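Geometric and topological summary
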Protein chains: 2
Amino acid sequence: MKPTTLSQIAELLNISISTVSKALKDYPDVSKRTKLLVKETAATLNYKPNAFAVNLRTKESKTIGIIIPEVVHHFFSSVIKGIIAQAEKKGYLVIILQSNESYKLEKKQIELLLDKHIDGILISLANETADFQHLYEVMARETPLVMFDKIAKLVNCSKVIINDRNAAYEATKHLIDTGCKRIAHFRGPLLPQNSIDRFLGYKKALTDHNIPYDSSLIYFCNNMSFEEGVQNAKKLLDDHTDVDGVFINTDLVAVGAISEFNRQNIKIPEEISVVGFSNWFMSSVISPTLTTIDQPGYLMGKNAFKLLYKEIRQRKENNIIIFKQIELPTKLIKRSSTRDII
Amino acid sequence: MKPTTLSQIAELLNISISTVSKALKDYPDVSKRTKLLVKETAATLNYKPNAFAVNLRTKESKTIGIIIPEVVHHFFSSVIKGIIAQAEKKGYLVIILQSNESYKLEKKQIELLLDKHIDGILISLANETADFQHLYEVMARETPLVMFDKIAKLVNCSKVIINDRNAAYEATKHLIDTGCKRIAHFRGPLLPQNSIDRFLGYKKALTDHNIPYDSSLIYFCNNMSFEEGVQNAKKLLDDHTDVDGVFINTDLVAVGAISEFNRQNIKIPEEISVVGFSNWFMSSVISPTLTTIDQPGYLMGKNAFKLLYKEIRQRKENNIIIFKQIELPTKLIKRSSTRDII
DNA sequence: CTGAAAGCGCTTACAG
DNA sequence: CTGAAAGCGCTTACAG
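The numbering scheme is per chain: residues are counted from 1 as the chain's sequence reads. Chains carry letters from A onward and ligands carry numbers from 1 onward, assigned in written order. Local features in this predicted model are restricted to residues whose pLDDT is 70 or higher, and side-chain atom pairs enter the listing and the counts only when it is 80 or higher, whereas totals over whole chains, interfaces and linings include all residues.

Overview of the sheet that holds strand β7 (residues 218-220) of chain A
Residues and elements named next belong to chain A. Applicable threshold: One bridge is not enough; two strands pair if DSSP finds at least two bridges between them. Each helix is a run of H or I in the DSSP string that is no shorter than four residues. Each strand is a run of E no shorter than two, and both are numbered from the N terminus. Geometry is summarised by axes, namely lines fitted to C-alpha atoms with helices restricted to the contacting stretch, and by angles between N-to-C directions that run from 0 to 180 degrees. Think of it this way: build a C-beta for each residue from its backbone, and any pair within 7 Å is a contact.
Read across the open sheet, the four strands follow the order β7-β6-β8-β9; overall the sheet is parallel. If you trace the sheet from one side to the other, it starts and ends with β7 and β9 (273-275), each paired once. Averaged over all neighbouring strand pairs, the angle between strand axes comes to 20°, with direction disregarded. Note that strand β6 (residues 183-187) and strand β8 (residues 245-248) share four bridges and pair parallel. Within β8, the position partnered with Phe 186 by the bridge is Ile 248. Lying over the sheet, helix α10 (residues 226-239) contacts β6, β7 and β8, oriented at roughly 150° with respect to β7. Where helix α11 (residues 251-263) meets the sheet, it contacts β6, β8 and β9, and its direction lies at approximately 150° from that of β8.

If you want it as structure tokens, here you go:
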């Protein structure tokens, strides 16, 4: 069962291919009678334009690509869902690629997408990424690009972000408001903007509330894993006996820390309070439930696609391209890993 | 910066487009000298074949589509990861679409993919899907199709599955082996094969061990949510005072049930033992940790792509197409929501 | 060893 | 209102 082509319809009706094509696309210069005839025949033969030919002619594939560090991840899969939902509304399909937090892979994935001639790229950067040459190449090829969540501040393109610094400030302030005096921070790797910003928000909250910043209370996570939460919690307990609160870069790590505190029978939140970041589903079902910052993944995905779509249209119509940055609100979700505000 | 084309290289070197094309593809009938010249020029100009043109000529897009019920889902995102990893090895890109467990949407997504002329489709069926017309259409169009996890037994194509019945049998038997006498089951919706099979495995384990099957101990879940776990646990406690074990179709639901048992201070596993299914990450971090069946999502994805790739090749080479069914092993992960075997 | 030609299936500017 | 023609960028069977 080979798909129907324009020329088959043309032959059947004894008219030219051009007329068939124009009739189907409702060109004004085709007679009503012909249009009707063509459309009926097309419907009976279940005609569908050959996507390959259309792509080649229009130089559009109605397909976009998304590159994220990791698919198996509550936040990123929510983003994907938002992107797919919004893309579908506009008739776009979505190709997904993973960077595994590797700069080299990220670069390769960009090449793959450019070679495929996708209509646009959505990206959340790998932790390793410090050089942005590959992103500039995307822009040099005039392929629309939108960054979300893990962005490069210096690259000039549309972005969808949250205010990591303010959110981290709020998280840390919550610890202070609930009586914590000595607050540690499990931070992310050195490079990504969001781990820098969360660290800065933490630091600012301390100084704003006259709590001295102590660099020995900063613990690094390299791959943001459960296991690192366990290990850092262990170290923290070994190093410091007086810490009564900890703000952790990501829920998964926080859940690891909580499991270690539980194992050592450290009472949460009485002896130590914990605040995470991202509001992974599991945070609402562990014991104690985790106070965290809600990060709107689904909305982020939707908005990222919207910005990309706008840029695709602007380029097509040869309009000036105006980059836009959308900042989505976050909110503190108070649960039982922190005390009540007095 | 417009991409380089064959004709540009041809013009530059004063040779024909055909020769350039053949040189780049190492046709034996092109002189070494010409090949070298062409390849060097291509490299300098950063020539990449235009994917749209190649697609149109070769009638291949080197892109496959995958349709799953839900992206934000630990098991399915693992499968996606496996598919993407394997596809990348073979130079294929992956388009992801969601059915949201809806038959209508699933059908629409199939149409979208067929219209795009992807090279193959990987699908895990929606719960609602009882009619397979859309799948037959895929096959009628000679598009390779592989089903995984939630399959239609009656549709003749390659499949990657686990043995849900045996796995459920093992889960239930574990409850029996650890001393449970009256075992409930939270099952999935009526249609999908996996919820039928898991139910049958549960039932068989009971009868094999001389425990009478009691239909009042079966509770339905329609959307496999945390909330349904809570509600069913409530009902179970209201309806029956003597139940000492429950086998639950999916971890997420089991986690909901556990949270309700905890809330009502029912001791797990002393008063009631719980076994889940799928081994979601969170099952290892809740309290108590959940005994469950590990379902190899990543491997499933890898194997599904492998079968699809094989079929793509077979069709291309006009070989006979042999459908294959791969059954992946599962295993019981013993944790603290069940007692120890005496 | 090289190149002219046909063709994949469509779109669109142009002529009539 | 209709159609011939050019062209998107490639591949490949065929001629020389």
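A look at the protein's contact with DNA strand D
The condition that has to hold: Contact assignment follows one rule, namely that a residue is near a molecule or strand if its backbone-placed C-beta atom lies within 6 Å of it.
As a structural note, the neighbourhood of DNA strand D is formed by 24 residues, with Ser16(A), Ser18(A), Thr5(B), Ser18(B) and Ala53(B) the closest of them. Where the surface near DNA strand D is concerned, the elements lending two or more residues are α2 (17-24), α3 (32-44) and α4 (51-58) of chain A together with α1 (6-13), α2 (17-24) and α4 (51-58) of chain B.

Observations regarding the pairing of strand β1 (residues 63-68) of chain B
Residues and elements named next belong to chain B. Condition: Residues with at least 20 neighbouring C-beta atoms inside 10 Å of their own are called buried, those with 12 or fewer are called exposed, and the rest are partly exposed, where every C-beta is derived from the backbone.
For β1, the tally of buried residues reaches six of six residues, placing the bulk of the element in the interior. Where burial is concerned, the two faces of β1 agree: the one with Thr 63, Gly 65 and Ile 67 and the one with Ile 64, Ile 66 and Ile 68 are both buried. The pairing of β1 with strand β2 (residues 93-98) spans six bridges and is parallel. Paired with Ile 66 across the bridge in β2 is Ile 96.

Overview of the packing of helix α1 (residues 6-13) of chain A against α2(A)
Residues and elements named next belong to chain A. Put simply, the rule reads: Our angle categories are set so that under 35 degrees counts as roughly parallel, over 145 as roughly antiparallel, 65 to 115 as roughly perpendicular, and the remainder as oblique. Classification used: nonpolar for Ala, Val, Leu, Ile, Met, Phe, Trp, Tyr, Cys and Pro, charged for Asp, Glu, Lys and Arg, polar for all others including Gly.
Relative to each other, α1 and α2 sit at 110°, their axes nearing to 8 Å. Classified by the angle their axes make, α1 and α2 are roughly perpendicular. Of α2, the residues touching α1 (which contributes Leu 6, Ser 7, Ile 9 and Ala 10) are Ile 17, Val 20 and Ser 21. Its residues assigned to classes, the contact of α1 with α2 comprises five nonpolar, two polar and no charged.

Comments concerning the protein's contact with DNA strand C
Neighbouring DNA strand C are 25 residues; Thr5(A), Ser18(A), Ala53(A), Ser16(B) and Ser18(B) lie closest to it. Elements with a minimum of two residues in the surface near DNA strand C: α1, α2 and α4 of chain A together with α2, α3 (32-44) and α4 of chain B. For the surface near DNA strand C, the leading source of residues is α4(A), giving five residues. Residue composition of the surface near DNA strand C, by class: nine nonpolar, eleven polar and five charged.

Observations regarding the interface of chain B and chain A
Taken together, the contact between chain B and chain A spans 32 residues of the former and 32 residues of the latter. Elements supplying a minimum of two residues to the side of chain B that touches chain A: α4, α5 (74-89), β2, α6 (103-115) and α11 (251-263) of chain B. A per-element tally of the side of chain B that touches chain A places β2(B) first, with six residues. Grouping the amino acids of the side of chain B that touches chain A by side-chain chemistry returns 20 nonpolar, seven polar and five charged.

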